[in-house]
Amino acid sequence: DKLNSGVVVSSLTGKIIKSIQKGVATTAQHSTDELDVTITSVDVNKSVVIVTSGQTGGYDYYGGTAYLKNSTTLTVKNTQAYGNIQFRWQVIEFY
């Protein structure tokens, strides 16, 4: 994976980046409920969430949200109640 600048992210691990966690979470059909994902503990003050999302049920999709609820919980939420929404997420923790 590369940052927009073209820098290979793995080359920053151990220097600037402490950890990178990745995964996929899929919301329930027609649900706007929050979905909690358990992650390895991070310092929320030194971490960022990157998320992309897309629909899996054949509907137009307008977006979702993702945030760190606490040091071990990433929360994703479908902001529109259409289909199953698949969130591809990364949590990057910095030194």
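What you see is a predicted model, and the numbers here were worked out from it, not measured in a lab. (Residues numbered from 1 in each chain as written. Predicted model: local features only at pLDDT ≥ 70, side-chain atom pairs only at ≥ 80, totals over all residues. Heavy atoms only, no water.)

Draft legend 1. Just the overall build of the chain, in detail. Each helix and strand in the chain was counted, giving zero helices and six strands. For the chain, the α and β elements follow one another from N to C terminus as β-β-β-β-β-β. Burial status across the chain gives 28% buried among its 95 residues. Intrachain contacts of the chain at a sequence separation of at least 6 include 69% that bridge at least 24 residues. (Helix = DSSP H or I, 4+ residues; strand = E, 2+ residues; numbered from the N terminus. Buried < 20%, exposed > 50% of the residue type's maximum accessible area, 1.4 Å probe, protein only. Contact = heavy atoms within 4.5 Å.)

Draft legend 2. Layout of the sheet that holds strand E5 (residues 73-78). Taken together, three strands build an open sheet; the order of strands is E2-E5-E4 and the sheet is antiparallel. This sheet does not close on itself; its edge strands, each paired only once, are strand E2 (34-38) and strand E4 (64-70). Between one strand and the next, the sheet's axes are offset by a mean angle of 25°, whatever the strand orientation. In terms of strand pairing, E4 meets E5 through six bridges, oriented antiparallel. Paired with Leu 68 across the two strands is Leu 74, which belongs to E5. (Pairing = 2+ DSSP bridges. Axes fitted to C-alpha atoms, helices over the stretch in contact; angles between N-to-C directions.)

Draft legend 3. Main features of the nonpolar core. With 11 residues, the main nonpolar core is built from Ala 25, Val 37, Ile 39, Val 42, Leu 68, Leu 74, Val 76, Ile 85, Phe 87, Trp 89 and Val 91. With four residues, strand E6 (residues 85-94) is the single largest residue contributor to this core. The residues touching Val 76, leaving out its near neighbours within four places in the chain, are Ala 25, Asp 33, Glu 34, Leu 35, Thr 65, Ala 66 and Phe 87. (Core = buried A, V, L, I, M, F, W, Y, C linked by side-chain atoms within 4.5 Å.)

Draft legend 4. Structural context of the pattern of salt bridges. In the structure shown here, the tally under the stated rule is two salt bridges. A salt bridge links Lys 69 to Glu 34, with the nearest nitrogen and oxygen atoms 4.0 Å apart. Remark: Glu 34 occurs in strand E2 and Lys 69 occurs in strand E4; sequence separation between them is 35 residues. Across the pair Asp 36 and Lys 69 runs a salt bridge, and its minimum N-O distance is 3.1 Å. Pair noted here: Asp 36 is in strand E2 and Lys 69 is in strand E4, with a separation of 33 residues, a long-range link. Bridged by salt links that share partners, the residues Glu 34, Asp 36 and Lys 69 form one connected network. (Salt bridge = Lys/Arg side-chain N within 4 Å of Asp/Glu carboxyl O.)

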